[in-house]
Amino acid sequence: MNHHQPQAGEKTILISVSVHILPDLDTDEFRLLAESAGAELMSHVHTARQRPDPKLFIGSGKAEEIAECIQAQEIQLAIFDHTLSPAQERNLERILKCRVIDRTGLILDIFAQRARTHEGKLQVELAQLQHLASRLVRGHGTMEQQKGGIGLRGPGESQLETDRRLIRVRIGQLKEKLIKVKQTRLQGRAARQKAAIPTVSLVGYTNAGKSTLFNTLANSDVYAANQLFATLDPTLRRVEWAGLGAVILADTVGFIQNLNHTLIDSFRATLEETLEATLLLHVIDASHPDMPEHIDAVEKVLKDIGANVTILRIYNKIDCSGDEAKIVYASPHIPERVYISAHTGQGLDLLKNAVQQILLGQQQQFSLCLQPKHGKLYSQLHQLHVIQSEHYDEQGNHWLSVTLTADKLLQLIKQNHFDVDSILGEQANQFKPILEAFEQ
């Protein structure tokens, strides 16, 4: 099926076309994409046009010039940094006498190499087949001939129609499988929500240092490399943070500019975790010259997929950008930005502090009176590291002074089916509005 994929080490020519009526694409990013796919870069041609040529995207003179270059260097693959129509791709192959793929084909190939989980692989295959289906007019002369001959006399269906039909069937199967995978994931998510474990998702432009930060925070070893799309599948880790308790960290796919819509739809599931998160950490490479464009690209995709979640911007790589580690507040107690270096560890304590402030809101001090039957609550508070001091009175009551948010404390008391008034005494009055919200 994948006669579209670049083979590792294939001699490749890159063609960047600056088109007056289309947004300019980042040529460095294009090179990095091709290198990430494993192409051996022989040449990089730059050309400009007012508008794309309907037949070839580039002009015929330029195409001839590139064809000579391809022949001279024995190049096997030409990659265009724009989306080509199936007809343009075929016409170019005829003139250039080598395989031609466009930006979407290239990104799909990287996705295919990087997908690890069952779901990631299904997503990629679906996107590849949908891309391929529109291009099934290949095969010089062979496709349209009727099958015939011994053992091949069949329903009078040409090879092309057979291929089309098989692709349609496979696309249908993949869609069904993905629905099942999604249902399984929803059950896992429902269980986490029931346990009230907050999910913190890391999103960001590709190569901004998301996976390095994830590994540092989760002490895990997700593949982190200086490549585009190094991670494709959402990786989840449960971590224990002082004062917060259990948090689920999710690392997601890196974003790039001009991610075409067929790709966004196919990888929506990779980003589903993002939509359901309690908090998004938008990891930004603070040292990158195109930082503002990268921020816009990520926030645009988040908007496209309907992510309506609190976002905390994490300006990473301050060891390269020269910024100092700090938290910037939008208003008192509401962090908006944190400056860190995942690589050196600068500012990581500030990051945890900011996440805690957002997830927990305003912490307060409470005085609790526990009886022997409240042992489970005591051990939970102990695990959260929120007990400031404790003592017993003459009646044998266990008094604790704890610092945490009203919501969290209430949630723990309710979860254990204890009586709020007996534990909190007069302080229980200030819980009335929250309690009413809980009951609803």
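Residues numbered from 1 in each chain as written. Predicted model: local features only at pLDDT ≥ 70, side-chain atom pairs only at ≥ 80, totals over all residues. Heavy atoms only, no water.

Novice: Mind showing me how you'd approach the overall build of the protein here?
Specialist: Helix and strand counts for the protein stand at 16 helices and 14 strands. Put simply, of all contacts in the protein between residues at least 6 apart along the chain, 68% involve residues at least 24 apart. Accessible surface, the protein: about 21,500 Å² in total, of which carbon and sulfur atoms supply 50%. (Helix = DSSP H or I, 4+ residues; strand = E, 2+ residues; numbered from the N terminus. Contact = heavy atoms within 4.5 Å. Areas by Shrake-Rupley, 256 points an atom, 1.4 Å probe, with all protein chains shown as cover.)

Novice: Where do I start with helix H5 (residues 118–133) in this structure?
Specialist: Residues lying three or four places apart along an α-helix face the same way, a consequence of the helix completing one turn every 3.6 residues. Under the 1.5 Å per step criterion, the end-to-end length of H5 is 22 Å for 16 residues, consistent within 8% with the ideal 22 Å. Looking only at H5, the buried set comprises Glu 119, Gly 120, Leu 122, Gln 123, Val 124, Leu 126, Ala 127, Gln 128, Leu 129, His 131 and Leu 132. (Expected span 1.5 Å × (residues − 1). Buried < 20%, exposed > 50% of the residue type's maximum accessible area, 1.4 Å probe, protein only.)

Novice: Where do I start with the environment of Asp 296 in this structure?
Specialist: Relative to the helices and strands, Asp 296 is located in helix H10 (residues 291–304). A sequence separation of 91 residues divides Asp 296 from Tyr 205, and the C-alpha atoms of the two residues are 9.6 Å apart.

Novice: Whenever I open this one, the confidence of the model for the protein confuses me. Can you help?
Specialist: Where the model shows low pLDDT, its predicted coordinates should not be examined in detail. With 81% of its residues at a pLDDT of at least 70, the protein reaches an overall mean of 81. Here residues 138–149 is a poorly scored stretch, pLDDT under 50, and it has 23 contacts once near neighbours within four places are set aside; other chains count. (pLDDT = per-residue confidence, 0-100.)

Novice: Would you take a moment to explain the packing of aromatic side chains for this structure?
Specialist: The geometry of an aromatic ring pair comes down to the distance between the two centres and the angle between the two planes. Taken as a whole and judged by the stated rule, the model has one aromatic pair. Seen from their ring centres, Tyr 315 and Tyr 339 are 4.8 Å apart, and the 15° between their planes marks the pair as stacked. Of this pair, Tyr 315 sits in strand E9 (residues 310–316) while Tyr 339 sits in strand E11 (residues 334–339), placing them 24 residues apart in sequence. The cationic tip of Lys 326 hangs over the ring face of Tyr 339; the distance from NZ or CZ to the ring centre is 4.5 Å. (Phe/Tyr/Trp six-rings, centres within 6.5 Å; stacked < 30°, edge-to-face > 60°. Lys NZ or Arg CZ within 6 Å of the ring centre and 35° of its normal.)

Novice: How should the sheet that holds strand E13 (residues 387–392) be read in this particular structure?
Specialist: Whenever strands of a sheet pair, they do so through backbone hydrogen bonds, lying parallel or antiparallel. Here three strands make up an open sheet; going across it, the order is E12-E14-E13 and the pairing antiparallel. Each edge of the sheet is formed by a strand with only one pairing partner; in this case those strands are strand E12 (364–370) and E13. Put simply, the sheet's adjacent strands are angled 15° from each other on average, direction ignored. Pairing between E13 and strand E14 (residues 398–404): five bridges, direction antiparallel. (Pairing = 2+ DSSP bridges. Axes fitted to C-alpha atoms, helices over the stretch in contact; angles between N-to-C directions.)

Novice: Please clarify how the pairing of strand E2 (residues 40–49) should be interpreted in this entry.
Specialist: Along any regular strand, the residues point their side chains to alternate faces of the sheet. Bridge count for strand E1 (residues 11–19) against E2 is nine bridges, and the pairing is parallel. The residue bridging Val 17 from the neighbouring strand is Thr 47, located in E2.

Novice: Looking at this structure, I do not really get the pattern of salt bridges. What am I missing?
Specialist: Pairing is possible between side chains of opposite charge, provided their charged atoms come close. Counted under the stated rule, the structure contains ten salt bridges. Taking the shortest distance from any N to any O, the salt bridge between Glu 65 and Lys 62 comes out at 3.1 Å. Of this pair, Glu 65 and Lys 62 both sit in helix H2 (residues 60–73), three residues apart, which is roughly one turn of that helix. One salt bridge in this structure joins Arg 337 and Glu 336, with 3.8 Å as the shortest N-O distance. Arg 337 sits in the partly exposed class, given a relative accessible area of 25%. (Salt bridge = Lys/Arg side-chain N within 4 Å of Asp/Glu carboxyl O.)

Novice: What am I meant to see in helix H14 (residues 406–415) here?
Specialist: Among the ten residues in H14, seven count as buried, and that is most of the element. Phi turns positive one or two residues past the end of H14, at His 417, with a value near 55°.

Novice: Looking at this model, I keep getting lost on the environment of Ser 341. Mind explaining?
Specialist: By the element assignment, Ser 341 lies in the loop between E11 and helix H12 (348–360). The exposure class assigned to Ser 341 is buried, which follows from its relative accessible area of 0%. Separated by 129 residues in the primary sequence, Ser 341 and Thr 212 place their C-alpha atoms 9.7 Å from one another. Side-chain polar atoms of Ser 341 contact the side chain of Thr 344, separated by 3.0 Å. (Polar contact = N/O pair within 3.5 Å; in protein donor to acceptor, adjacent residues only side chain to side chain.)

Novice: What exactly am I supposed to notice about the packing of helix H13 (residues 375–383) against H14 here?
Specialist: Two quantities define a packed helix pair, namely the angle between the helix axes and the distance between the axes. Interaxial distance between H13 and H14 falls to 10 Å at its minimum, and their mutual angle equals 145°. Two packed elements cross with a definite hand, and for H13 against H14 that hand is right-handed. Within the contact between the two elements, H13 uses Leu 377, Gln 380 and Leu 381 and H14 uses Leu 409, Leu 412, Ile 413 and Gln 415. Counted by class, the contact of H13 with H14 contains five nonpolar, two polar and no charged residues. (Left-handed = near helix turned anticlockwise from the far one by under 90°. Nonpolar A, V, L, I, M, F, W, Y, C, P; charged D, E, K, R; others polar.)

Novice: Help me understand the sheet that holds strand E5 (residues 199–204) in this model?
Specialist: The sheet built from seven strands is open, its strands ordered E6-E7-E5-E8-E9-E11-E10 with mixed pairing. Edge strands, defined here as strands with exactly one partner in the open sheet, are strand E6 (235–241) and strand E10 (326–331). Neighbour to neighbour, the strand axes of the sheet diverge by 25° on average, direction disregarded. As judged from the five bridges shared by E10 and E11, these two strands associate in the antiparallel manner. Of the residues in E11, the one forming a bridge with Ile 327 is Val 338. Lying over the sheet, helix H7 (residues 210–218) contacts E5, E6, strand E7 (245–251), strand E8 (279–285) and E9, oriented at roughly 160° with respect to E7.

Novice: Is there a simple way to explain the environment of Ile 95 in this structure?
Specialist: Relative to the assigned elements, Ile 95 resides in helix H3 (residues 86–96). Among the residues examined, Ile 95 registers a relative accessible area of 26% and is labelled partly exposed. Considered as a pair, Ile 95 and Ser 60 are 35 residues apart in the sequence and their alpha carbons are 9.0 Å apart. Excluding residues within four positions of it along the chain, Ile 95 makes contact with Leu 56, Ala 63, Glu 64 and Ala 67.

Novice: Any chance you could explain the packing of H7 against H12 here in plain terms?
Specialist: Between H7 and H12, the shortest axis-to-axis distance is 12 Å and the interhelical angle comes to 80°. The angle between H7 and H12 falls in the class roughly perpendicular. Mapping the contact onto sequence places Leu 213, Thr 216 and Leu 217 in H7 and Leu 348, Leu 351 and Lys 352 in H12. Considered class by class, the residues forming the contact of H7 with H12 number four nonpolar, one polar and one charged. (Parallel < 35°, antiparallel > 145°, perpendicular 65-115°, else oblique.)

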